[in-house]
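Okay, here's what each chain looks like letter by letter:
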Amino acid sequence: MLLYSDLLNLQRFADPANTDTDVDSTHGLIATGTKLEMAEPGSTDYQEVADVKTIPALGGAPQEVDVTTLGDTQTKQLEGIEAATSAAFSVQYKGPSWNSVHAKSGDRKQYNWRVTYPDGMTSTFTGSFTIQFGDVAVNGALTYTLTVTISDGPNFADSPSTGTPAASSGTN
């Protein structure tokens, strides 16, 4: 007898305690297990920062350079320099992790940052950061926002996942 649980490929789901990067992301990926890490300026000894609740969109769109001339009937633009100014991470407040980042917030040092996704893909960037404590409400969790002003990057490294990419179904 075939059970529904037999059809579930648990490898597709990230286990936060699993440090292996053999998660199969050929059919997509969920965010569970994604982590934010930082290293001192000039170091690549990354340490997990805190209990991150959200990772912002990383990367940037290129600025548009207008190359329209008086002889043109429509505007013309070329891709300029890619703009990535800041990334705001929502973090769950926990005393020990707060203490470790709070002491460095606003010191204007250029820390190395790494976001690691469950399948092993990474995004690295450099930048200083500040912290803003979130609203406090009755029966609400304490959170803060860690905002990195990106000075270099982000640079993405490919996923080590193997397999054939899944075909898009074209439906939502």
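Residues numbered from 1 in each chain as written. Predicted model: local features only at pLDDT ≥ 70, side-chain atom pairs only at ≥ 80, totals over all residues. Heavy atoms only, no water.

Details of the overall build of the protein chain
Move 1: Scanning the protein chain from N- to C-terminus turns up two helices and nine strands.
Move 2: Along the protein chain, helices and strands appear, N-terminal first, in the series α-β-β-β-β-β-β-α-β-β-β.
Move 3: The burial tally for the protein chain puts 26% of its 172 residues in the buried class.
Move 4: Residue pairs in contact within the protein chain that sit at least 24 positions apart in sequence constitute 61% of those at least 6 positions apart. (Helix = DSSP H or I, 4+ residues; strand = E, 2+ residues; numbered from the N terminus. Buried < 20%, exposed > 50% of the residue type's maximum accessible area, 1.4 Å probe, protein only. Contact = heavy atoms within 4.5 Å.)

Observations regarding the pattern of salt bridges
Move 1: Tallied over the entire structure, the rule returns five salt bridges.
Move 2: Lys35 is paired through a salt bridge with Glu37; the nearest N and O atoms lie 3.9 Å apart.
Move 3: With relative accessibility at 28%, the residue Lys35 sits in the partly exposed group.
Move 4: Three or more residues joined by partner-sharing salt bridges are found here, namely Lys35, Glu37 and Arg114. (Salt bridge = Lys/Arg side-chain N within 4 Å of Asp/Glu carboxyl O.)

Examining the confidence of the model for the protein chain
One rule of thumb: low pLDDT means the predicted coordinates there are not for detailed reading.
Move 1: In this model, the protein chain carries an average pLDDT of 83, and 80% of its residues clear a pLDDT of 70 or more.
Move 2: Element-level mean pLDDT values for the protein chain span from 46 in helix H1 (residues 4-7) up to 96 in strand E7 (residues 111-116).
Move 3: Across residues 4-21, where pLDDT falls below 50, the model places 21 contacts with residues more than four positions away in sequence or in other chains. (pLDDT = per-residue confidence, 0-100.)

A closer look at helix H2 (residues 95-102)
Move 1: Looking only at H2, the buried set comprises Ser97, Trp98 and Val101. One face of H2 carries all of its buried residues, which in axial projection span an arc of 100°. For H2, the exposed residues set more than 90 degrees away from the buried face come down to Pro96 and Asn99.
Move 2: Packing partners of the buried residues in H2 comprise strand E1 (35-39), strand E3 (51-54), strand E8 (122-133) and strand E9 (143-157). (Arc of directions from axis to C-beta.)

Here's the deal with a nonpolar patch on the surface
Move 1: Taken together, the side chains of Val65, Val67 and Leu78 define a hydrophobic patch exposed on the protein surface, amounting to about 230 Å² of accessible area.
Move 2: When you line up the elements, Val67 lands in the loop between strand E4 (62-66) and strand E5 (77-82).
Move 3: Residue Val67 is classed as partly exposed on the basis of its relative accessible area, which comes to 34%. (Patch = residues over 30% accessible without salt bridge, like charges linked within 9 Å, V, L, I, M, F, W, Y side chains within 5 Å. Areas by Shrake-Rupley, 256 points an atom, 1.4 Å probe, with all protein chains shown as cover.)

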